[in-house]
Amino acid sequence: MRKLKQALPSIVVITVLVAVWWLVAAGSTIFPTPKLVVLGTLELARDGTLWDHIGASLMRVGAGFGLAVLLAIPLGLWMGWVHGAFITLNPIFQILRPISPIAWIPLAILWFGVGNASPIYLIFIASVFPMIVQTTAGVHTIEKRYLRAAENFGVPRKKLFLQVVFPATLPQIIVGMRIGLGVAWLVVVAAEMIALRSGLGYLIIDSRNAGNRYDLVVAGMIIIGLIGLLLDGLMRMLEGMKIVRWKYAH
Amino acid sequence: MPTKISLHGIRKGFPSDQGRLEVIQDLSFDVADGEFVAIVGPSGCGKTTLMNIIAGFLAADAGEVRVDGVPRNGPNRKGIMITQQGSVFPWLTVRQNVLFGLPDDVPNREALAEEYAELVGLKGFEPNYPHELSGGMLKRAEIARALVVKPEILYMDEPFSALDALMSLRMQNELLRILAKEKHTVLLITHDVEEAIHLADRVLVLSPRPAKIRAEFAVPFAHPRRVSSPDAQALRVAILKELGVTESV
């Protein structure tokens with residue numbers, strides 16, 4: 001009930017926006033009304049292509065983001081803990097990080113062709129840096145009193161890492177993953193617009209090219225937005241884990 | 001009783017904008033095995049620095065700390081530090097915290113953890129996370145985590161200062177109850193003279209920076225003590241006088 005109350009203002013705003021859209025679009029010959037967008041979506045859902053596009057995009061994000069997580073977390077922990085690793089690698093990452101993933105598209109196509117590997121690579125490149133940076137910062141900001149306590153008890157390295165360094169950094173790692181997944185979802189759509197035969201990005205570009213189906217363009221945009229919201233919700237569920245609650249509770 | 005901790009000619013300074021800031025100047029004293037020594041001093045006089053040097057977290061510029069006759073060159077589990085801020089790991093449950101310092105090959109780890117959780121009055125809270133506990137409970141968890149590794153020395157740096165007055169008093173009584181069961185050598189830093197009289201066998205009064213021992217008082221009262229007794233109050237006034245506070249009664 002309280003949640004409903006909280007959601008009420010945004011529901012009202014969305015309703016107003018849709019109504020305005022409907023009024024404006026009613027006079028246009030090419031810009032679709034909400035009704036046409038819903039009908040177009042249903043058409044795609046019925047013939048199954050909608051699910052194929054969604055599945056293709058999610059698969060690419062899953063692969064690229066998954067690889068980025070596997071590399072970024074160990075690397076970030078290492079860079080946070082070992083000063084030499086930090087001063088050696090950090091400048092390189094700080095140079096690579098501001099390069100838009102879109103700028104990598106030509107190289108990605110050159111190296112990986114126009115198959116799935118290109119967008120997966122782009123997603124990887126886009127999401128790996130924010131996660132490395134957040135993880136490293138997480139290690140750097142561990143409060144000294146906790147490290148001192150661990151030092152006081154003289155625990156072995158493995159225990160120090162598993163019971164102090166990693167869990168102390170975990171909240172920041174999760175923040176990094178949230179940012180990383182958000183960027184990954186942004187990039188997959190952009191990458192699919194250029195090179196592929198499937199995915200939500202492809203759906204948008206293809207719908208425009210194959211007969212100005214702007215109803216499907218808008219449908220694709222809205223679906224991208226909704227799935228992005230869902231993915232962020234999944235990441236936020238990680239923030240609810242008891243082991244990281246201490247960091248977010250206040 | 002044999003000497004447990006021995007400080008000889010400790011000196012410590014830090015670089016500052018106005019040149020070198022001497023914090024501790026030529027400090028020497030001994031603590032006997034099983035003795036409870038309280039160190040009081042004006043705030044900012046270098047008490048915490050001194051404790052960090054004794055516990056091994058900080059190196060002195062000159063002089064030597066010996067524990068059991070062996071020069072100290074780093075912290076170890078023989079002496080556990082308990083601070084005002086506390087360092088109970090918020091990402092571990094109470095049970096995991098208590099077990100933290102125990103090596104994996106100690107037999108009956110779980111039973112030991114339970115025993116110490118019970119000793120400090122945390123029975124039933126073992127599955128809880130620290131953020132679900134009150135400040136007093138957190139201190140208990142920290143004490144249990146320290147005691148379970150059977151340290152010979154407890155270094156307590158204003159351990160109860162962050163608690164409210166009532167809880168601080170209650171924790172002092174708890175500490176005495178625990179120490180009656182398990183004899184430890186305790187070094188306590190506090191700015192609370194009554195706390196020192198309540199707990200310690202001996203009180204050292206430090207001067208303002210650079211810290212030196214200004215006076216030394218034995219506390220000859222048997223436990224349980226009443227800090228409100230005339231003798232204890234007379235001692236309190238004498239210690240406060242050394243700290244530069246005169247009371248008009």
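For every chain, the first residue of its written sequence is number 1, and the numbers climb from 1 along that sequence. Ligands are numbered from 1 and chains lettered from A, in the order in which they are written. The model is predicted, so local features are restricted to residues of pLDDT at least 70 and side-chain atom pairs to those at 80 or more, both for listing and for counting; the totals for chains, interfaces and linings are taken over all residues. Working from all heavy atoms in the structure, the side-chain values ignore hydrogens and water.

### Details of the sheet that holds strand E2 (residues 19-32) of chain B
Strand pairing in a sheet relies on backbone hydrogen bonds, with the paired strands running either antiparallel or parallel.
All names here are of chain B.
Phase 1: What the four strands build is an open sheet, ordered E2-E1-E4-E5; its pairing is antiparallel. With one partner strand each, in any of the chains shown, E2 and strand E5 (70-71) form the two edges of the open sheet.
Phase 2: A pair of strands counts as paired when DSSP detects no fewer than two bridges linking them. By definition, any uninterrupted DSSP run of H or I lasting at least four residues is a helix, any uninterrupted run of E lasting at least two residues is a strand, and each is numbered from the N terminus. Judged from the two bridges that link them, strand E4 (residues 62-67) and E5 form a sheet pairing that is antiparallel. Each bridged residue has a counterpart across the sheet, and for arginine 66 the counterpart in E5 is proline 71.

### Structural notes on the interface of chain B and chain A
Phase 1: Only heavy atoms enter the contact rule, under which two residues are in contact if any of them lie within 4.5 Å. Residue-level contacts link 28 residues of chain B with 18 residues of chain A.
Phase 2: Buried area: the accessible area, evaluated with a 1.4 Å probe, that two parts lose upon being put together, summed over both parts. Both sides together, the interface formed by chain B and chain A hides about 2,200 Å², and carbon and sulfur atoms give 63% of it.
Phase 3: Of all residues in chain B, the largest losses of buried area upon contact with chain A belong to Phe57(B), Trp91(B) and Phe100(B), amounting jointly to 36% of the total for that side.
Phase 4: In the sections that follow, a salt bridge refers to a side-chain nitrogen of Lys or Arg positioned within 4 Å of a carboxyl oxygen of Asp or Glu. Taken together, the links from chain B to chain A amount to two salt bridges.
Phase 5: Residues Asp104(B) and Lys159(A) are paired through a salt bridge, measuring 4.0 Å at the closest nitrogen-oxygen approach.
Phase 6: Each polar contact in these results corresponds to two N or O atoms within 3.5 Å; when the atoms are within protein, one needs to be able to donate a hydrogen and the other to accept it, and residues that are neighboring in sequence are counted only if both atoms are side-chain atoms. Across the contact surface, chain B and chain A share twelve residue pairs in polar contact (both at pLDDT 80 or more).
Phase 7: The element best represented in the side of chain B that touches chain A is strand E6 (residues 79-83) of chain B, accounting for three residues.
Phase 8: Note that Gly is not counted as nonpolar here; it falls among the polar residues with everything else outside the nonpolar set of Ala, Val, Leu, Ile, Met, Phe, Trp, Tyr, Cys and Pro and the charged set of Asp, Glu, Lys and Arg. Of the residues contributing to the side of chain B that touches chain A, the split by class is 15 nonpolar, eight polar and five charged.

### Some words on the layout of surface pockets
Phase 1: The way it works is a 1 Å grid over only the protein atoms, where trapped points that fit a 1.4 Å probe form a cavity and open points with protein on both sides within 12 Å along at least five of seven lines form a pocket, and then any residue with an atom within 4 Å of a point lines it. Grid points are joined across faces, edges and corners, and a volume is the space filled by probe spheres set on the points. Its boundaries defined by the atoms lining it, the largest pocket holds a volume of some 500 Å³.
Phase 2: Within the residue set of the lining of the largest pocket, elements represented by two or more residues are helix H7 (144-153), helix H8 (157-195) and helix H11 (245-248) of chain A together with helix H4 (135-147) of chain B.
Phase 3: When residues in the lining of the largest pocket are grouped by element, the largest group, four residues, is from H4(B).
Phase 4: Broken down by class, the residue content of the lining of the largest pocket amounts to eleven nonpolar, ten polar and five charged.

### Overview of the pairing of strand E8 (residues 185-190) of chain B
Residue and element names in this part refer to chain B.
Phase 1: The cut-offs for exposure are 20% and 50% of the maximum accessible area for each residue type, with area from a 1.4 Å probe on protein chains only; residues under the lower value are buried, those over the upper are exposed, and the others partly exposed. Most of E8 sits out of view: six of its six residues are buried.
Phase 2: Here strand E3 (residues 36-40) pairs with E8 via five bridges, running parallel. Residue pairing across strands places valine 40 opposite threonine 190, the latter belonging to E8.
Phase 3: When strand E7 (residues 153-157) meets E8, the two strands line up parallel, connected through five bridges. Bridged to leucine 154 within E8 is valine 186.

### Regarding the packing of aromatic side chains
Phase 1: In this scheme Phe, Tyr and Trp rings, the latter by its six-membered ring, pair at centre separations within 6.5 Å, and the angle between planes marks the pair as stacked below 30 degrees, edge-to-face above 60, and tilted otherwise. Evaluated as defined, the whole model comprises 13 aromatic pairs over all chains.
Phase 2: A ring pair is formed by Trp104(A) and Trp111(A), whose centres lie 6.5 Å apart and whose planes are at 55°; its orientation type is tilted.
Phase 3: Note on Trp104(A): relative accessible area 13%, which makes it buried.
Phase 4: Look at Tyr146(A) and Phe89(B): their rings are 6.0 Å apart centre to centre, the planes differ by 45°, and that puts the pair in the tilted class. Here Phe89(B) lies in the loop between E6 and helix H2 (94-99) and Tyr146(A) lies in helix H7, a pairing that spans two chains.
Phase 5: Put simply, the rings of Tyr146(A), Phe153(A), Trp246(A), Phe89(B), Trp91(B) and Phe100(B) pair up and form one aromatic cluster.
Phase 6: Looking at Lys159(A), its charged tip hangs above the ring of Phe100(B), at a distance of 5.6 Å from the centre. In this scheme, Lys NZ or Arg CZ marks a charge over a ring once it lies within 6 Å of the ring centre and within 35 degrees of the ring normal.

### Looking at the sheet that holds E8(B)
Residues and elements named next belong to chain B.
Phase 1: One open sheet accounts for six strands, arranged E6-E7-E8-E3-E9-E10; its pairing is mixed. Each of the sheet's edge strands pairs with one partner strand only, and the pair in question is E6 and strand E10 (213-218). With strand direction ignored, the average angle separating the axes of adjacent strands in the sheet is 15°.
Phase 2: Two strands pair when backbone bridges link them, and strand E9 (residues 202-206) and E10 are joined in this way by five bridges, in the antiparallel orientation. Following the sheet pairing, valine 203 is matched in E10 by phenylalanine 217.
Phase 3: Taken strand by strand, helix H7 (residues 230-242) contacts E3, E9 and E10, and its axis lies near 175° from that of E10. The axes are straight lines fitted to the C-alpha atoms, using for helices just the contacting stretch, and the angles between their N-to-C directions are given from 0 to 180°.

### Quick look at the pattern of salt bridges
Side-chain pairing between opposite charges can occur once the charged atoms of the two side chains come close.
Phase 1: In the structure shown here, the tally under the stated rule is 25 salt bridges over all chains.
Phase 2: Between Glu43(A) and Arg213(A) there is a salt bridge, with the nearest N and O atoms lying 3.3 Å from each other. Of the two residues, Glu43(A) sits in helix H2 (residues 34-47) while Arg213(A) sits in the loop between helix H9 (200-209) and helix H10 (214-239), which places them 170 residues apart along the sequence.
Phase 3: Note on Glu43(A): relative accessible area 37%, which makes it partly exposed.
Phase 4: When the shortest N-O distance is used, the salt bridge between Lys12(B) and Asp61(B) registers 3.6 Å.

### Some thoughts on the packing of helix H4 (residues 83-96) of chain A against helix H6 (residues 117-140) of chain A
Each pair of packed helices can be described by the angle between their axes along with the distance between the axes.
Residues and elements named next belong to chain A.
Phase 1: Running from amino to carboxyl end, H4 crosses H6 at an angle of 145°, the nearest separation of the two axes being 10 Å. Read as a crossing pair, H4 and H6 show a hand that is left-handed. Residue-level inspection shows Phe86, Phe93, Gln94 and Leu96 of H4 in contact with H6, the latter providing Phe129, Ile132, Val133, Thr136 and His140.
Phase 2: Along the lines of polarity and charge, the residues of the contact of H4 with H6 split into six nonpolar, three polar and no charged. Helix crossings are classified by the rotation of the near helix relative to the far one: an anticlockwise turn of less than a right angle makes the crossing left-handed, while a clockwise turn makes it right-handed.

### Things to note about the packing of H9(A) against H10(A)
Residues and elements named next belong to chain A.
Phase 1: Where H9 contacts H10, the two axes come as close as 8 Å, and the packing angle between them is 165°. By the angle between their directions, the pair H9 and H10 is classed as roughly antiparallel. Between H9 and H10 the crossing geometry is left-handed. Seen from H9, the contacting residues are Leu200, Leu203, Ile204, Ser207 and Arg208; seen from H10, they are Tyr214, Leu216, Val217, Gly220, Met221, Ile223, Ile224 and Ile227.
Phase 2: Split into classes, the residues belonging to the contact of H9 with H10 amount to ten nonpolar, two polar and one charged. Every angle not falling under 35 degrees, over 145, or within 65 to 115 is termed oblique; those three ranges are roughly parallel, roughly antiparallel and roughly perpendicular.

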